[in-house]
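Understanding the architecture of this molecule
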Amino acid sequence: MNPFAGGVAVITGAGSGIGAGLARHAVTLGMTVVLADIDADAIAVLREQLCATGGSAVGVVCDVRDPDVMQQLAERTYRDIGAVRLLVNNAGVGQFGYLWDTPVANWRRVVDINISGVFHGVRAFLPMMMATDEPAWVWNLSSVGAVVAIALQAPYIVSKHAVLALTECLYLDVESAGHGHHIHVQAVLPGAVKSNIFESAGGVDSHGDGDVAEAQRAAMLDVKAAAMDAETAAAAIFEQAAEGRFYLLTEPEYVGAAMAGRANVLAAQSPPSRRR
């Protein structure tokens, strides 16, 4: 029996991209999905689509940057919908341009959403998930960007390194607290997946080198053109999670090679090399 059959899944950033793909796959397994996103229109459309095909979904407008909002989401979910079997901390944004040209507001946006948003999700939901002995899963969305260095995307790359480290430490914390037998913490490292993250990524200050930032955005949009479909990526993640893996990779060969490359760079103490 698939461990995700039935139960409640809460997915942040569910309005588009891999979040929406995970939501679509979850409902095929019979899960009730809480679609949490700051974009009310996007989750309303997705909820209608999921329910029209017989799925069960609830849309909640939610800003993961606000810990009180996340706490309210957790309490509402447990009170009105049910115990959470799967928490997916997925909400994320990008940023292009030289680090020194990055507006302070854009830096804070990336950190607050990509890193603090994951922390707020864990802090709001995990105590309730640990309160019973029922199996439950926590997925934190990192990226292949967590194991590489890329020019002109420093805030995003930094954030994904941080999410990976947070998830690895969380795994150890859960084990240390004696909940490892039923709380399964897993790190998701997708390769390129079709989404709108590049279009909505922040740019530089008007006095900065905007041409360089926009050229990087254009390059990443070319990557998007050949990216994996979100639902295909979601199916791979669910399959690997059910197998009990810690690192969940949408493209095991590509992302795995990047992980091995990172290990080699650290072992050799080599400086980073330029890559897109």
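Please refer to the structure higher up on the page.
Residues numbered from 1 in each chain as written. Predicted model: local features only at pLDDT ≥ 70, side-chain atom pairs only at ≥ 80, totals over all residues. Heavy atoms only, no water.

All right, on to the overall build of the protein chain then. Each helix and strand in the protein chain was counted, giving eight helices and seven strands. For a compact globule of 276 residues, the expected C-alpha radius of gyration is about 19 Å, and the protein chain comes in at 18 Å, within 12% of that figure. With the C-alpha coordinates of the protein chain rotated into their principal frame, the extents come out at 50 × 45 × 35 Å. Taking all 276 residues of the protein chain together, the buried fraction comes to 48%. (Helix = DSSP H or I, 4+ residues; strand = E, 2+ residues; numbered from the N terminus. Rg over C-alpha atoms; globule rule 2.2 N^0.38 Å. Buried < 20%, exposed > 50% of the residue type's maximum accessible area, 1.4 Å probe, protein only.)

What follows is about the pattern of salt bridges. With the rule as written, the count across this model stands at six salt bridges. Its salt-bridge partner being D63, residue R65 comes within 3.0 Å of it at the nearest N-O pair. Residue D63 is classed as partly exposed on the basis of its relative accessible area of 22%. With a shortest N-O distance of 2.9 Å, E243 and R245 are connected by a salt bridge. We classify E243 as partly exposed; its relative accessible area is 47%. (Salt bridge = Lys/Arg side-chain N within 4 Å of Asp/Glu carboxyl O.)

Turning next to the sheet that holds strand β6 (residues 183-189). A sheet is described by the order of its strands in space; here seven strands give the open sequence β3-β2-β1-β4-β5-β6-β7, paired in parallel fashion. Here the strands that pair on one side only, and so sit at the sheet edges, are β3 (56-61) and β7 (247-249). Going from strand to strand, the sheet's axes swing by 20 degrees on average, the running direction of each strand aside. As defined by bridge partners, strand β2 (residues 32-37) adjoins β3 across six bridges and the pair is classed as parallel. When the bridges of β3 are listed, V34 appears paired with V58. Set on the sheet, helix α7 (residues 230-242) makes contact with β4 (84-89), β5 (136-141), β6 and β7; between it and β7 the angle comes to about 150 degrees. (Pairing = 2+ DSSP bridges. Axes fitted to C-alpha atoms, helices over the stretch in contact; angles between N-to-C directions. Contact = heavy atoms within 4.5 Å.)

If you look at the biggest cluster of nonpolar residues, it comprises 31 residues, and the most contacted ones within it are F4, L22, L35, L86, W139 and F238. Within the residue set of this core, elements represented by two or more residues are β1 (8-12), α1 (17-28), β2, α2 (40-52), β4, β5 and α7. Not counting residues up to four positions away in its chain, the partners in contact with L86 are F4, V8, A9, V10, M31, W137, W139 and F238. (Core = buried A, V, L, I, M, F, W, Y, C linked by side-chain atoms within 4.5 Å.)

Right, let's get into the side chain of S143. Note that S143 resides in the loop between β5 and α5 (154-176). By relative accessible area, S143 is classed as buried at 7%. There is a polar contact of 2.8 Å between the side chain of S143 and the backbone nitrogen of G145. (Polar contact = N/O pair within 3.5 Å; in protein donor to acceptor, adjacent residues only side chain to side chain.)

A word on the packing of aromatic side chains. Tallied over the entire structure, the rule returns eight aromatic pairs. Ring centres of F246 and Y247 lie 4.7 Å apart, and the angle between their planes is 85 degrees; on these two criteria the pair is classed as edge-to-face. Assessed through its relative accessible area of 19%, F246 is described here as buried. Put simply, the rings of F4, W137, W139 and F238 pair up and form one aromatic cluster. (Phe/Tyr/Trp six-rings, centres within 6.5 Å; stacked < 30°, edge-to-face > 60°.)

Bringing a nonpolar patch on the surface into the picture now. Judged by side-chain polarity, Y98, L99, W100, W107 and V158 come together as a nonpolar surface patch covering roughly 530 Å² of accessible area. Take W100: it is sitting in the loop between β4 and α4 (104-130). (Patch = residues over 30% accessible without salt bridge, like charges linked within 9 Å, V, L, I, M, F, W, Y side chains within 5 Å. Areas by Shrake-Rupley, 256 points an atom, 1.4 Å probe, with all protein chains shown as cover.)

The topology assignment puts Q153 in the loop between β5 and α5. With relative accessibility at 4%, the residue Q153 sits in the buried group.

Let us look at helix α3 (residues 67-80). Helix length check: α3 (14 residues) gives 20 Å between terminal C-alpha atoms against 20 Å at 1.5 Å per residue, within 8%. Among the residues making up α3, those that are buried are M70, L73, A74 and T77. Taken end-on, α3 shows its buried residues confined to a sector of 95 degrees, consistent with a single buried face. Exposed and facing more than 90 degrees away from the buried side of α3 are D68, Q72 and R79. Those residues of α3 hidden inside the fold are in contact with β1, β2, β3, β4 and α4. The backbone nitrogen of D68 lies 2.9 Å from a side-chain oxygen of the residue at the head of α3, namely D66. G82 lies just past α3 and shows a positive phi near 145 degrees. (Expected span 1.5 Å × (residues − 1). Arc of directions from axis to C-beta.)

What follows covers unusual backbone geometry. Here the phi dihedral of L152 falls at roughly 70 degrees; this positive angle occurs in a residue that is not glycine. Inspection of the secondary structure assignment puts L152 in the loop between β5 and α5. The phi torsion at Q269 lies on the positive side, around 55 degrees, for a residue other than glycine. Within the element layout of this structure, Q269 appears in the segment after α8 (252-268). Q269 sits in the exposed class, given a relative accessible area of 72%.

Functional significance is not addressed by these values, which are geometric in nature.
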